[in-house]
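A look at the structure
Here are the chains, one letter per residue:
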Amino acid sequence: MAACLLLGGATSAGFVGDVIVQVLAVAVLMVGWLSTREPVHGGRGSGGADRLFCCAVACVPLLQLVPLPPSLFATVGGRELVREAGQLAEALDGWVPVSVSTRATLLGFLAGLPAIAVFWCVSSLGTRQRRALSLWVLIVGAVSVFVGLLQVAQGPSSALRFYSITNPSEAVGFFANRNHFSALLYTLLLLTAAWAVQALRAFARAPAKARLEAGILLPMFSTFALLVILMAAQTFTRSRAGLALMIVALLLASLLAIGRRGDGQQSSTGFRLILGAGTLGIVMAIQFALYRILERFEADPLADARIPFARNTLEAVWGSLPWGTGLGTFVPVYGGVERAADALMDTFANRAHNDFLEVWLETGVAGVSLGAVFAIWLLVRSSGVWRRVEGRADIDVLLPRAASVAIVLLLAHSLVDYPLRTTALLALFAFCCALLVPVAGDVEPADARQARRPRVTPASPGPSMDPVAAPRRAAGVEWPVAPGVGASPPMPNADRPSVGGQSGARWGQGIEWPAAWRSERGSDEPSDGDGRAPGPTRAPGRKP
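Quick caveat: nothing in here was measured; it's all calculated off a predicted structure. Residue positions are given per chain, counted from 1 along the sequence in the order it is written. Confidence filtering applies because this is a predicted model: local features only for residues at pLDDT of at least 70, side-chain atom pairs given and counted only at 80 or more, and all residues used for totals across whole chains, interfaces and linings. Calculated side-chain values reflect all of the structure's heavy atoms, with hydrogen atoms and water omitted.

**Topic: the overall build of the chain**
Note the cut-off: Secondary structure elements follow DSSP: runs of H or I of four or more residues count as helices, runs of E of two or more count as strands, with numbering from the N terminus. Under the scheme applied here, a residue whose accessible area is under 20% of the maximum for its type counts as buried, over 50% as exposed, and between as partly exposed, the area being computed with a 1.4 Å probe on protein chains only.
What the chain contains, in helices and strands, is 18 helices and two strands. Looking at the chain as a whole, 46% of its 544 residues qualify as buried.

**What about the nonpolar core?**
As a reminder, the rule being used: We define a nonpolar core as any set of buried Ala, Val, Leu, Ile, Met, Phe, Trp, Tyr and Cys residues linked to one another through side-chain atoms lying within 4.5 Å. Contacts are assigned to residue pairs that have any heavy atoms within 4.5 Å of one another.
Core analysis: the biggest nonpolar cluster contains 81 residues, and Leu184, Tyr186, Leu189, Leu190, Ile407 and Phe431 have the highest contact counts within it. Residue contacts for leucine 189: discarding those within four places in its chain leaves Leu227, Leu230, Met231, Met246, Ala249, Leu250 and Ala253. One finds Phe309, Val317, Tyr334 and Ala352 within the second-largest nonpolar core, a separate group that totals nine residues.

**Some details on helix α9 (residues 178-205)**
Rule in force here: An expected span of 1.5 Å times one less than the residue number is assigned to each helix. Under the rule applied, a polar contact is a pair of N or O atoms within 3.5 Å (in protein, one hydrogen donor and one hydrogen acceptor; residues adjacent in sequence only if both atoms are side-chain atoms).
The end-to-end C-alpha distance of α9 is 41 Å, a good match for the 40 Å that 28 residues give at a rise of 1.5 Å each. α9 sits mainly inside the fold: 23 of its 28 residues count as buried. Two to three positions downstream of the cap, the backbone nitrogen of asparagine 179 sits 2.7 Å from a side-chain oxygen, assigning the N-cap of α9 to asparagine 177.

**Quick notes on helix α17 (residues 423-435)**
Given a rise of 1.5 Å per residue, 13 residues ought to cover 18 Å, and the 18 Å separating the end C-alpha atoms of α17 matches this to within 8%. Of all 13 residues in α17, 12 are buried; the element is thus mostly enclosed. For α17, the complete set of buried residues consists of Thr423, Ala424, Leu425, Ala427, Leu428, Phe429, Ala430, Phe431, Cys432, Cys433, Ala434 and Leu435.

**Considering the confidence of the model for the chain**
For clarity, the threshold we go by: The pLDDT value tells you how sure the predictor is about a given residue, anywhere from 0 up to 100.
The predicted model of the chain has a mean per-residue pLDDT of 75, with 65% of residues at 70 or higher. The low-confidence segment residues 528-542 (pLDDT under 50) makes 34 contacts with residues lying over four places distant or belonging to another chain.

**Considering the packing of α9 against α17**
Going by this rule: Whenever a helix is involved, its axis is fitted only over the stretch in contact; in every case the axis is a line through C-alpha atoms, and angles between N-to-C directions fall within 0 to 180 degrees. By definition in this entry, angles of less than 35 degrees are roughly parallel, angles greater than 145 are roughly antiparallel, angles of 65 to 115 are roughly perpendicular, and the rest are oblique. The crossing is said to be left-handed when, going from far helix to near helix, the turn is anticlockwise and less than a right angle, and right-handed when the turn is clockwise.
Contact pair α9 / α17: the axes reach a minimum separation of 11 Å and the direction vectors enclose 25°. Between α9 and α17, the angle is such that the two are roughly parallel. The two elements α9 and α17 meet at a crossing, and its hand is left-handed. Residues His180, Ala183, Leu184, Thr187 and Leu191 of α9 pack against Leu425, Leu428, Phe431 and Cys432 of α17.

**Here's the deal with a nonpolar patch on the surface**
Note the following rule: Two distance rules govern patches: like charges are joined within 9 Å, and nonpolar side chains (Val, Leu, Ile, Met, Phe, Trp, Tyr) within 5 Å, applied only to residues with over 30% relative accessible area and no salt bridge. For every accessible area listed, the method is Shrake-Rupley and the probe measures 1.4 Å; residues are considered covered only by the protein chains on display. Throughout this description, the term salt bridge denotes a Lys or Arg side-chain nitrogen within 4 Å of a carboxyl oxygen of Asp or Glu.
A contiguous nonpolar surface patch, about 420 Å² in accessible area, is contributed by Leu6, Leu7, Val16, Ile20 and Leu24. Contributions of two or more residues to the nonpolar patch are made by α1 (2-7) and α2 (16-36). Looking at the nonpolar patch element by element, the count peaks at three residues for α2. Within the secondary structure, leucine 7 sits in helix α1. Among the residues examined, leucine 7 registers a relative accessible area of 32% and is labelled partly exposed.

**A short note on the pattern of salt bridges**
The tally for this structure, following the rule as stated, stands at 10 salt bridges. Two residues, arginine 178 and glutamate 170, come together in a salt bridge whose shortest N-O distance is 3.0 Å. A relative accessible area of 13% means that arginine 178 is categorised as buried. The class for glutamate 170 is buried, based on a relative accessible area of 2%. One salt bridge in this structure joins glutamate 170 and arginine 238, with 2.7 Å as the shortest N-O distance. In this pair, glutamate 170 is assigned in the loop between α8 (127-154) and α9 and arginine 238 in the loop between α10 (214-237) and α11 (240-254), connecting sequence segments 68 residues apart. Within the structure, one salt-bridge network assembled from shared partners comprises Arg351, Asp355, Glu358, Glu362 and Arg421.

**A short note on the packing of aromatic side chains**
What counts here: Any two rings among Phe, Tyr and Trp, with Trp reduced to its six-membered ring, count as a pair given centres within 6.5 Å; such a pair is stacked if its planes are under 30 degrees apart, edge-to-face if over 60, and tilted if neither.
Following the criterion strictly, the structure yields 11 aromatic pairs and no others. With a centroid separation of 6.5 Å and 25° between ring planes, the pair formed by phenylalanine 53 and phenylalanine 374 is classed as stacked. Note that phenylalanine 53 is positioned in helix α3 (residues 48-64) and phenylalanine 374 in helix α15 (residues 355-387), a separation of 321 residues in sequence. Accessibility expressed as a relative area gives 15% for phenylalanine 374, which makes it buried. Ring centres of phenylalanine 119 and tryptophan 377 lie 6.5 Å apart, and the angle between their planes is 70°; on these two criteria the pair is classed as edge-to-face.

**Some details on the side chain of histidine 413**
In this structure, histidine 413 sits in helix α16 (residues 394-413). Among the polar contacts listed, one links the side chain of histidine 413 to the side chain of tyrosine 186, at a separation of 2.9 Å. In contact with histidine 413, not counting residues within four places along its chain, are Asn179, Ser182, Ala183, Tyr186, Ala241, Leu245 and Pro419.

**Describing the side chain of glutamate 362**
Turning to its location among the elements, glutamate 362 is positioned in helix α15. Polar side-chain contacts of glutamate 362 include one of 3.2 Å to the backbone nitrogen of glycine 328. For glutamate 362, the residues in contact, after removing those within four places along its chain, are Gln64, Trp323, Gly324, Thr325, Gly326, Leu327, Gly328, Thr329, Phe330 and Arg421.

**Concerning the environment of glycine 155**
Along the chain, glycine 155 falls in the loop between α8 and α9. Judged by its relative accessible area of 15%, glycine 155 is buried. For the pair glycine 155 and glutamate 170, spaced 15 residues apart in sequence, the C-alpha separation works out to 8.4 Å. Setting aside chain neighbours within four positions, we find glycine 155 in contact with Arg161 and Pro168.

**Some remarks on the packing of α3 against helix α7 (residues 113-122)**
Short version of the rule: Residue type decides the class: Asp, Glu, Lys and Arg count as charged, Ala, Val, Leu, Ile, Met, Phe, Trp, Tyr, Cys and Pro as nonpolar, and the leftover types, Gly among them, as polar.
Running from N to C, α3 and α7 point in directions that differ by 170°, and their axes come no closer than 10 Å. Compared by their axis directions, α3 and α7 come out roughly antiparallel. Residues Asp50, Arg51, Cys54, Cys55 and Ala58 of α3 pack against Ile116, Phe119 and Trp120 of α7. Each residue belonging to the contact of α3 with α7 can be placed in one class, and the counts come to six nonpolar, no polar and two charged.

Have a look at this one:
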């Protein structure tokens, strides 16, 4: 993830940074493949069908590279110019692939490997590892933000601009394009908001004497400061779509503060905290960048080149169905259908600035079908993470919710730009998608309802009772689920041998106890917290 965010900011394939990330992705995929082949014990495995979808996505460009016989290639639409040129050169006697440019399609396939590696491996991580990785994303993103602010301070000749073709007067961070840097900022804002709400709830639930400790105050103030910085940095990008989506992200991030029932005070405080941080960031940025922002909104939106780009791309789509022209072949295909009135002086169209149309053009029916499957998957997964609350830690609820909003905003941004054509944002998009995949062994809703059953508190032993002392549970370890019992500890005198000498099954036998509870004797009975198995106790005032 760090390599993707630092080296994957180019808008076209073939840069050295992309090659480094792709080599790393191959190694990570090999490790991820070997690790996910082992069965998951102690819970349901998850992510299998999602990884199959990744394989289907990767197969699309590979199939476009498969040579077709001349008789079948003649039925492929949108190849009239290619066929005429091939006939003149007598080069179509052999088999020809679907892709107009096999080199571009191969580069497009390699460009998708880092995102597949991120999704494949993050979806197999546990909750603690996902939290840690989200913090690393925020750390690397914060470094990119400060680099962008230094770029503006140093001007167009700043040595921190890492690409020769870039926006010389705006903040771009480790990217080549201000629009893509702005997409990183509103995605980081959502992840930061999740941690901010978590820090606020930890502060509200802490005892009064512990609220001044560094472990409570530092996360709350640091996340608040990062929210302000992200909002301020967004104004220095001067991206119109980025500014609009940042405001939407700020409003939707406020919904993350809505917690469990009974947290009304915390929810309202978290809502005000996020909105207050965003407002403060905007006010601070307006002092320095107001006129620069207004210049961006003075242009006539109808004069934008995106409109003719979309019209010509749609015309090319109808001529390339059902197979598409090949992944990464937009530039040569668009040049063949561009109208003279739409041509730009000394400039060529490198993208359609509408990723949905571009994917449709390059992948045909296969791309549209996979896109529809992904839309259904996103709807199902997002509804699940917004419904499921009980039985999970706060941050494990907040991060998937923030990720679901980030996915929608990145897709909305793709309607007017191409943020997912960069390795960095595509990997971040895959990371957000992986956060929606349930953790292996996570509590399902049906089990969660059983876990919420009121626990039975054993009564004080009376004269006629001889119970087994209830074991003390280790901190942070949940009660194991026993058949017919549930996740709550049963009565300590359940299934005890009767007074009359008739034997019965001792409570605790047949249950796979956590390692933290096992006795030193290796018994399957729980220990009482100090390594000893619980033994019978006598009631007060009773002879043994």
